[in-house]
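Secondary and tertiary structure notes
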Amino acid sequence: MTKFFQHKIRLSPYPAGYHLITDIIVGEFPEIKKIKVGILQIFIQHTSAALTINENADPTVRTDFKTFVDELIPEDYPRFIHTFEGPDDMPAHIKASFFDSHLQIPISNGKLGLGMWQGVYLCEFRLHASPRNLILTAFGEPY
């Protein structure tokens, strides 16, 4: 019989950049340990931040992400017209669409099925971000 668990968590504001949040997710969602085989879905309720999975060991990976994406989508692009909340407004929306608003991660034997060098990133694109809300839904075959 499939079991479903859901939590909404609120992350404190982070500076613009790419931040590992795997430990927060696992810490805030102890029911993951109750699932033998299943899926964790993570959804961010914002249009100027995103989620992705990438390397969790070397912080220069996150620095290079920021450098590359900021150069690809600069804040000073002269043709943006959606700038009501400042020059990072429209670039943040575009960057969020380049990544994604949700992730699905397998759960195996009560643990996330991430690879050894993988971690969940919060991709924060606003210079002065507000707290971010995540909806975490785990479902699968319980122990």
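Conventions we followed
- Residues numbered from 1 in each chain as written.
- Predicted model: local features only at pLDDT ≥ 70, side-chain atom pairs only at ≥ 80, totals over all residues.
- Heavy atoms only, no water.
- Helix = DSSP H or I, 4+ residues; strand = E, 2+ residues; numbered from the N terminus.
- Buried < 20%, exposed > 50% of the residue type's maximum accessible area, 1.4 Å probe, protein only.
- Contact = heavy atoms within 4.5 Å.
- Areas by Shrake-Rupley, 256 points an atom, 1.4 Å probe, with all protein chains shown as cover.
- Lys, Arg positive; Asp, Glu negative; His and termini not counted.
- Charge placed at Lys NZ, Arg CZ, Asp CG, Glu CD.
- Core = buried A, V, L, I, M, F, W, Y, C linked by side-chain atoms within 4.5 Å.
- Polar contact = N/O pair within 3.5 Å; in protein donor to acceptor, adjacent residues only side chain to side chain.
- Phe/Tyr/Trp six-rings, centres within 6.5 Å; stacked < 30°, edge-to-face > 60°.
- 1 Å grid on protein atoms, 1.4 Å probe; cavity = no way out; pocket = protein on both sides within 12 Å on 5 of 7 lines; lining within 4 Å.
- Points joined across faces, edges and corners; volume = space filled by probe spheres on them.
- Nonpolar A, V, L, I, M, F, W, Y, C, P; charged D, E, K, R; others polar.

1. Brief notes about the overall build of the protein chain
Across its full length, the protein chain holds 3 helices and 8 strands. Its helices and strands in sequence order give the protein chain the pattern β-β-α-β-β-α-α-β-β-β-β, from N to C terminus. Dimensions of the protein chain, computed from C-alpha atoms along their principal axes, come out at roughly 55 × 30 × 20 Å. Counting the 143 residues in the protein chain, one finds 42% classified as buried. Here the analysis covers contacts within the protein chain between residues at least 6 apart in sequence; of these, 84% occur between residues at least 24 apart. Element-wise, carbon and sulfur atoms account for 56% of the exposed surface of the protein chain, whose accessible area totals about 8200 Å². The protein chain carries 13 positive and 16 negative side-chain charges, and their two centres are separated by 9 Å.

2. Description of unusual backbone geometry
With a phi angle near 55°, Asn 109 is a residue other than glycine that sits in the positive phi range. Inspection of the secondary structure assignment puts Asn 109 in the loop between β5 (102-108) and β6 (111-112).

3. Some points on the nonpolar core
Core analysis: the biggest nonpolar cluster contains 23 residues, and Ile 21, Leu 40, Ile 42, Leu 134 and Leu 136 have the highest contact counts within it. Among the secondary structure elements, those contributing two or more residues to this core are β1 (3-11), β3 (35-44), β4 (49-55), β5, β7 (118-124) and β8 (132-142). Not counting residues within four places of it along the chain, the set of residues in contact with Leu 40 comprises Ile 25, Phe 29, Ile 32, Leu 103, Gln 104, Ile 105, Ile 107, Leu 112, Leu 136, Thr 137 and Ala 138. Core analysis: the second largest hydrophobic core is formed by 11 residues, Phe 65, Val 69, Ala 92 and Ala 96 among them.

4. Section: the side chain of Thr 137
For Thr 137, the position within the fold is in strand β8. For Thr 137, a relative accessible area of 12% translates into the label buried. Here Gln 6 takes part through its side chain, which lies 2.7 Å from a polar atom of the side chain of Thr 137. In contact with Thr 137, other than residues within four places in its own chain, are Phe 5, Gln 6, Phe 29, Ile 39, Leu 40 and Gln 41.

5. Some thoughts on the packing of aromatic side chains
Inspection of the entire model under this criterion finds 8 aromatic pairs. Taking the centre distance of 5.3 Å and the plane angle of 45° together, the rings of Tyr 18 and Phe 65 count as tilted. One end of the pair, Tyr 18, is in strand β2 (residues 17-20); the other, Phe 65, is in helix α2 (residues 60-72), with 47 residues separating them in the sequence. Taken together, the ring pairs in this structure connect Tyr 18, Phe 65, Phe 99, Tyr 121 and Phe 125 into an aromatic cluster.

6. Brief notes about the layout of surface pockets
As a volume, the largest pocket reaches approximately 170 Å³. Residue lining of the largest pocket: Thr 47, Ser 48, Glu 85, Asp 88, Asp 89, His 93, Arg 126, Leu 127, His 128, Ala 129, Ser 130 and Arg 132, and that is the complete set. Of the residues contributing to the lining of the largest pocket, the split by class is 2 nonpolar, 5 polar and 5 charged.

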